[in-house]
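# Topology and contacts: notes
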Amino acid sequence: MQSKIKIGVVGCGYWGPNLIRNFRSLPDCQLQAVCDASVERLRHMQGLYPEAQVFTDFQTFLREGNLDAVVVATSVGLHYPMAKAALEAGKHTFVEKPMATSCAECDELIALAESKRLVLMAGHTFLFSSVVRKIKKIVDDGDIGDVRYISARRLNLGLFQKEINVAWDLAPHDISIIQYIMGEMPLSVNCRGSANVARNVHDITTMWLGFSRNRSAIIQSSWLDPRKTREMTIVGSRRMIVYDDVATLDKIRIFDARVDSPPHYDTFADFHYAYHYGDIYIPYVKQEEPLKVECQHFLDCIATGSQPISNGRQARDMVEILEAASESLTQDGAPVTLREPTGQPAKSGGLTIGQSEAAPTARNGRHGKRDRSSGRALNGAHNSNPESSQKPAAAKI
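Structural notes, computed from the coordinates. Since the model is a prediction, treat every value here as computed from it, not as a measurement. (Residues numbered from 1 in each chain as written. Predicted model: local features only at pLDDT ≥ 70, side-chain atom pairs only at ≥ 80, totals over all residues. Heavy atoms only, no water.)

### Quick notes on helix H4 (residues 76-88)
Relative to the 18 Å expected for 13 residues at 1.5 Å per residue, H4 spans 19 Å between its end C-alpha atoms, a close match to the ideal helical length. Taken residue by residue, H4 has Val76, His79, Tyr80, Met82, Ala83, Ala85, Ala86 and Leu87 as its buried positions. Elements in contact with the buried residues of H4: strand E1 (5-10), helix H3 (58-64), strand E4 (69-72), strand E5 (92-96), helix H5 (103-116) and strand E6 (120-123). Within two residues after H4, glycine 90 carries a phi angle of roughly 85 degrees, on the positive side. (Helix = DSSP H or I, 4+ residues; strand = E, 2+ residues; numbered from the N terminus. Expected span 1.5 Å × (residues − 1). Buried < 20%, exposed > 50% of the residue type's maximum accessible area, 1.4 Å probe, protein only. Contact = heavy atoms within 4.5 Å.)

This is the structure we're talking about:
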């Protein structure tokens, strides 16, 4: 009988308790320890999970916790140093999104995990959603035709943060879904926003991602909206999908709607758009908690030595997009180029999905060449060494 994987979770604030609950519920896992700076939070967690050891010091947690793997669910600024320390201690590591605050930090974590043959996984929960996977299948099967654009809105009142803006807080969910559906990195990123409450911390942003074949995606993020909105529209050449994650049931609706231009016309008077309005379809999707599936996937990857779906490279791609968005914000929404239209990295920098490069290089932005080896966390950008091209394992969905 295979022994259970001993898990320790650091961070018992907003999201950590959800991870603790899900890992503890899995038969392959033993909740070994939890760590937090707050004695009050630890006392509460110990009341719920008396079998787990509690620690207020992270280094003691790593040294004395008797752990196989560490889950990092702290504030974003602590993701990189804690993940690095866990990997250096020989622990498989799960890090909440975003994995780090720069591509350079991501590259270091990826290289460290590879050198020690450890699993490094990022918490991109929606990649494990049965609803999102259903949407991906519908798109891949060609049911909606060619994807023209995707529009995402993730809005709510709060929770305000001090060290990151709303794009870094909310947009990662939508970015991961959009990349999953599109199957590639965007060619360019634009982002504009405003800081209405806290100075220099944008609480409203609109991000535009340009993809190959004239496809695009728009992501609106806000901490200042009175209603909680989690909505995404995928517009195809034949049909359209509306995904409402707030809805209790019927999260996916497929609209048989489109607009066509006439194939031939002799004069402008002969030109008429044709609007098609058909039925609305609601496909059945079996509901299960994506976070639980994600936690099980992490355990499976540890047991089999496989690469996670949300591995270091996938996490790095997201951070590269967020860095470009932050750069665009500082330039009043000017586009920042990530890839050439051929799909190759812009000039000599960046990383194309499925490719690897030998050494870090500079990336070209709109206004010429920028050296990204020492940019600012969250608002700057960095060069990259990619992860090896090992194929990710399939999650048990």
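### Let's talk about unusual backbone geometry
A negative phi angle is the norm for most residues apart from glycine, just as the trans form is the norm for most peptide bonds. A cis geometry characterises the amide bond from lysine 97 onward to proline 98, with omega recorded as -15 degrees. Its location among the elements puts proline 98 in the loop between E5 and H5. At the junction of glycine 158 and leucine 159, the peptide bond is cis and its omega measures out at -10 degrees in the coordinates. Positionally, leucine 159 belongs in the loop between strand E7 (147-157) and helix H7 (166-182). With a phi angle near 60 degrees, arginine 213 is a residue other than glycine that sits in the positive phi range. On the secondary structure map, arginine 213 appears in the loop between strand E9 (204-210) and strand E10 (216-222). In this structure, asparagine 214 is a non-glycine residue whose phi angle is positive, near 60 degrees. Its place among the elements puts asparagine 214 in the loop between E9 and E10.

### A few points about the nonpolar core
Core analysis: the biggest nonpolar cluster contains 73 residues, and Phe61, Ile135, Ile150, Met207, Ile234 and Ile241 have the highest contact counts within it. The next biggest cluster of nonpolar side chains, apart from the first, holds 30 residues, and it includes Val71, Val119, Leu291 and Leu299. (Core = buried A, V, L, I, M, F, W, Y, C linked by side-chain atoms within 4.5 Å.)

### A word on the sheet that holds strand E11 (residues 224-236)
Taken in spatial order, the nine strands make up an open sheet running E14-E13-E12-E11-E7-E10-E9-E8-E15, and their pairing is mixed. Each edge of the open sheet carries a strand with a single partner, namely strand E14 (274-281) and strand E15 (336-337). Across the sheet, H7 lies against E7, E9, E10, E11 and strand E12 (240-244), angled at about 155 degrees from E10, the strand it touches most. Contacting strand E8 (188-194), E9 and E15, helix H9 (residues 312-330) crosses the sheet at an angle of about 55 degrees to E8. (Pairing = 2+ DSSP bridges. Axes fitted to C-alpha atoms, helices over the stretch in contact; angles between N-to-C directions.)

### Brief notes about a nonpolar patch on the surface
Together, Leu157, Phe160, Val197 and Leu224 make up an exposed nonpolar region whose accessible area comes to about 380 Å². Judged by relative accessible area, which is 64%, leucine 157 ranks as exposed. (Patch = residues over 30% accessible without salt bridge, like charges linked within 9 Å, V, L, I, M, F, W, Y side chains within 5 Å. Areas by Shrake-Rupley, 256 points an atom, 1.4 Å probe, with all protein chains shown as cover. Salt bridge = Lys/Arg side-chain N within 4 Å of Asp/Glu carboxyl O.)

### Section: the sheet that holds E4
Spatially, the six strands line up as an open sheet ordered E3-E2-E1-E4-E5-E6, and their pairing is parallel. Since the sheet does not close on itself, it has two edges, and those belong to strand E3 (53-55) and E6, each with one partner. Neighbour-to-neighbour, the strand axes of this sheet turn through a mean angle of 20 degrees, independent of strand direction. Strand direction decides the pairing type here: E5 and E6, joined by four bridges, are parallel.

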